[in-house]
There are 2 protein chains.
Amino acid sequence: MSPQFKSLLTRTISGAVFVALVVGSFFVPSYFQFALFVFFAAVATYEYLHIVETDGIRSHKVLGVLMTVLMVEGGYIRQSMSFGWLLVVLLMLSIPVIELFRKGEKPFNNIAHNFLPVLWIGVPFTLAGVTNVMLFQEEALLALFILLWTSDTFAYCGGSLFGKHKMFERISPKKTWEGFAIGGLFACGVAVGLSFVPYFHNALLYEASTTFNVLAWLGFGLVVFVTGTLGDLIESMFKRSYGVKDSGNIMPGHGGMLDRFDSFLFAMPFCMIYWVLITFIY
Amino acid sequence: MSPQFKSLLTRTISGAVFVALVVGSFFVPSYFQFALFVFFAAVATYEYLHIVETDGIRSHKVLGVLMTVLMVEGGYIRQSMSFGWLLVVLLMLSIPVIELFRKGEKPFNNIAHNFLPVLWIGVPFTLAGVTNVMLFQEEALLALFILLWTSDTFAYCGGSLFGKHKMFERISPKKTWEGFAIGGLFACGVAVGLSFVPYFHNALLYEASTTFNVLAWLGFGLVVFVTGTLGDLIESMFKRSYGVKDSGNIMPGHGGMLDRFDSFLFAMPFCMIYWVLITFIY
């Protein structure tokens, strides 16, 4: 086997396992997705705190991972929500107190960077839990992942085939406007297609007219592909500014967890807002 | 007039005006406190963003102040809560996108430091609004301020008279354990005293037995003086690490707004948690 082929094979297998795990988690008891996403969020938080350490930030890795875990857990397990989120708040408040006792030059850099993954990683995964378990909108959440993967994959393929005009060379040199447009077209197309699949039909609006429902799904596709691409760029900016190529190496051939969820992390809050807004408009 | 006397006079007058404004705001329609606290929070946020700029952070002052203002406004004006807080979320999400287009070396330092005042300043003032206007607990909130001032004043006087053992010389060289203890004693004493004042009697628990009520107020005094002192130290650490003496000069003789609210900013979330917990225990 040539090394290129071997690398492609590794990439494909680990990518397929990842997709199978995420899709599968929607069709088994939600405890499975809870365990899976808590694990993903914890690894991503660890990666963030590990990377900023290279720039002199003193991170509280145990506390940071614990905060993310408790926060996401609160989103999935309703019974422990208040308790889990209360602990997150107390742990956040403990960070400036700990900094009082650690003689550092710039304690507020440490505080600010230790809070950031709670917002960037903890909140989106928690919103996934709230969407799935508390709002019973698991179909919408699964659709979000499908649209993100569609947009990503077709942007990559489209860009490789037709890419000419660089989109953001400074931050992500391979992205092209052609890829962006093709990814967007497919994301919107698949979104409209999903609106006719019985499983997804009522995921955004319950018993809406076909026209309105198709428009709602089209909008969903648009929101996902625009905010997902921005999330991807933001994470590239993060890695580039700290001089790392991948956020980690947990997924063979795919880099780290933060790389894998970059578009999700930014798209998730926008989708939540979009879902609420269309329900109000409707 | 000697300069010392003049400075003391200025300090006393501006301090008295400040106390009169805050106390008065509890006895006029709540719109007044809303306007006052939004102003305080906006100035404190501006001070934070201004100070971190001296260390190479590129702050988004207009966005930062706007986020705090909208957040606090959501806490005071129930009708616009959802809309105000939605805008806060969208503005927060816009910061990493803006950073994509600003060619900076460390965009994530800017993002992290622009989020921090939302948590450090925006959240406590918002909790004040929620306590006052949504939970109708204005007596508890006023008591919190009275206890903070008691603890501060007696810690200062007690420390000046009897202070021997330095508490945290590296961060706040004037604080002594003697001052801390005396401030704490008075805070707890005043807290117990307040429990017998008709206006405050039912502020923590409604119609509780005298023993339990006195204990609840004693605990309140303890929480306020410990977390208030920590808040003071945390803000001193902030100023010291950026080499500034005062956070600003908006209050003649008293420094900036962040200086004036340092203990409140840290004590407020703990008090909120304490109030909820004692209600559950009761």
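Here, the structure is the one placed above.
Quick caveat, the model's predicted, so the values are computed rather than measured. (Residues numbered from 1 in each chain as written. Chains lettered and ligands numbered in written order. Predicted model: local features only at pLDDT ≥ 70, side-chain atom pairs only at ≥ 80, totals over all residues. Heavy atoms only, no water.)

## Remarks on the overall build of chain A
Within chain A, the secondary structure is distributed over 10 helices and 2 strands. Along chain A, helices and strands appear, N-terminal first, in the series α-α-α-α-α-α-β-β-α-α-α-α. At 20 Å, chain A has a C-alpha radius of gyration in line with the 19 Å of a compact globule built from 282 residues. Seen through its principal axes, chain A has C-alpha atoms that stretch 60 × 50 × 35 Å. The burial tally for chain A puts 55% of its 282 residues in the buried class. (Helix = DSSP H or I, 4+ residues; strand = E, 2+ residues; numbered from the N terminus. Rg over C-alpha atoms; globule rule 2.2 N^0.38 Å. Buried < 20%, exposed > 50% of the residue type's maximum accessible area, 1.4 Å probe, protein only.)

## A few points about the nonpolar core
Leu144(A), Phe220(A), Leu144(B) and Phe220(B) are the most contacted members of the largest nonpolar core, which has 180 residues in total. If sequence neighbours within four positions are ignored, Leu144(A) has contacts with Phe220(A), Val224(A), Phe264(A), Ala267(A), Met268(A), Cys271(A) and Trp275(A). (Core = buried A, V, L, I, M, F, W, Y, C linked by side-chain atoms within 4.5 Å. Contact = heavy atoms within 4.5 Å.)

## Description of helix α5 (residues 107–134) of chain A
Here α5(A) is 28 residues long and its end C-alpha atoms lie 38 Å apart, about the 40 Å a rise of 1.5 Å per residue gives. Of all the 28 residues making up α5(A), 26 are buried; the element is thus mostly covered by neighbouring parts of the structure. (Expected span 1.5 Å × (residues − 1).)

## Some thoughts on the interface of chain B and chain A
Contact residues are listed per partner, giving 39 residues for chain B and 40 residues for chain A. Here chain B packs against chain A, burying approximately 3,600 Å² in sum over the two surfaces, 81% of which is carbon and sulfur. Contact with chain A buries area across many residues of chain B, yet Leu100(B), Phe108(B) and Met237(B) alone supply 21% of it, more than any other trio. Counting every contact that joins chain B to chain A gives 2 salt bridges. (Buried area = accessible area lost by both parts, 1.4 Å probe. Salt bridge = Lys/Arg side-chain N within 4 Å of Asp/Glu carboxyl O.)

## A word on helix α3 (residues 61–76) of chain A
Residue and element names in this part refer to chain A. A rise of 1.5 Å per residue sets the reference length of α3, with its 16 residues, at 22 Å; its end C-alpha atoms lie 23 Å apart and thus fit the reference within 8%. Among all positions of α3, only Leu63, Gly64, Met67, Thr68, Leu70, Met71, Val72, Glu73, Gly74, Gly75 and Tyr76 are buried. Those residues of α3 hidden inside the fold are in contact with α2 (30–53), α4 (81–101) and α5.

## Details of the pattern of salt bridges
When the charged atoms of two side chains lie near each other, side chains of opposite charge can form a pair. Summed over all chains, the structure comprises 12 salt bridges over all chains. With its nearest N and O atoms 3.9 Å apart, the salt bridge here joins Asp55(B) to Lys106(A). Here the residue Asp55(B) occupies a position in the loop between α2 (30–53) and α3 (61–76), and Lys106(A) occupies one in the loop between α4 and α5, the pair thus bridging two chains. Assessed through its relative accessible area of 24%, Lys106(A) is described here as partly exposed. Overlapping salt bridges bring together Glu235(A), Lys239(A) and Asp259(A) as one network.

## A look at the relation of the copies chain B and chain A
Mapping chain B onto chain A leaves a residual RMSD of 0.0 Å; the transformation is a rotation of 180 degrees accompanied by 0.0 Å of translation along its axis. What we have between these two chains is a two-fold relation. Minimal C-alpha separation from the rotation axis in chain B is found for Ala112(B), amounting to 2.5 Å. Both copies share a contact surface, since 100% of the interface residues of chain B are interface residues in chain A too. (Least-squares fit on C-alpha atoms with pLDDT ≥ 70 in both.)

## Some details on the packing of aromatic side chains
The full count for this structure, using the stated rule, is 70 aromatic pairs over all chains. Arranged with centres 5.2 Å apart and planes meeting at 50 degrees, the rings of Phe125(A) and Phe264(A) form a pair that is tilted. Taken together, the residues span a long stretch of sequence, with Phe125(A) in helix α5 and Phe264(A) in helix α10 (residues 257–281) at a distance of 139 residues. Of the two residues examined, Phe125(A) and Phe264(A), each falls in the buried class. Centre to centre, the rings of Phe40(B) and Phe261(B) are 5.0 Å apart; their planes meet at 45 degrees, and the pair counts as tilted. In this pair, Phe40(B) sits in helix α2 while Phe261(B) sits in helix α10 (residues 257–281), placing the two residues 221 residues apart along the sequence. Looking at Phe261(B), the relative accessible area reads 2%, which means it is buried. One aromatic cluster is present, formed by Phe18(A), Phe26(A), Phe34(A), Phe37(A), Phe39(A), Phe40(A), Tyr76(A), Phe125(A), Phe145(A), Trp149(A), Phe261(A) and Phe264(A) through successive ring pairs. (Phe/Tyr/Trp six-rings, centres within 6.5 Å; stacked < 30°, edge-to-face > 60°.)

## With respect to the packing of α3(A) against α5(A)
Helix packing geometry: the angle between the two helix axes and the distance between the axes. Residues and elements named next belong to chain A. The N-to-C vectors of α3 and α5 enclose an angle of 20 degrees; their axes lie 7 Å apart at closest approach. Taken as axis vectors, α3 and α5 run roughly parallel relative to one another. Like other packed secondary-structure pairs, α3 and α5 cross with a definite hand, here right-handed. For the contact of α3 with α5, a count of residues per class yields 12 nonpolar, 8 polar and no charged. (Axes fitted to C-alpha atoms, helices over the stretch in contact; angles between N-to-C directions. Parallel < 35°, antiparallel > 145°, perpendicular 65-115°, else oblique. Left-handed = near helix turned anticlockwise from the far one by under 90°. Nonpolar A, V, L, I, M, F, W, Y, C, P; charged D, E, K, R; others polar.)

## Describing unusual backbone geometry
The general pattern is negative phi for most residues beyond glycine and trans for most peptide bonds. All names here are of chain A. Although it is not a glycine, Glu207 adopts a positive phi angle of roughly 55 degrees. Position of Glu207 relative to the elements: it lies in the loop between α8 (198–201) and α9 (210–241). Under the relative-accessibility criterion, Glu207 is labelled exposed at 56%.

## Description of the pairing of strand β2 (residues 172–176) of chain B
Residues and elements named next belong to chain B. Alignment of strand β1 (residues 166–168) against β2, held across 2 bridges, turns out to be antiparallel. Residue pairing for β2: Lys166 is matched across the bridge by Thr176. If you look at the hairpin formed by β1 and β2, you'll find 3 residues sitting between the two strands. (Pairing = 2+ DSSP bridges.)

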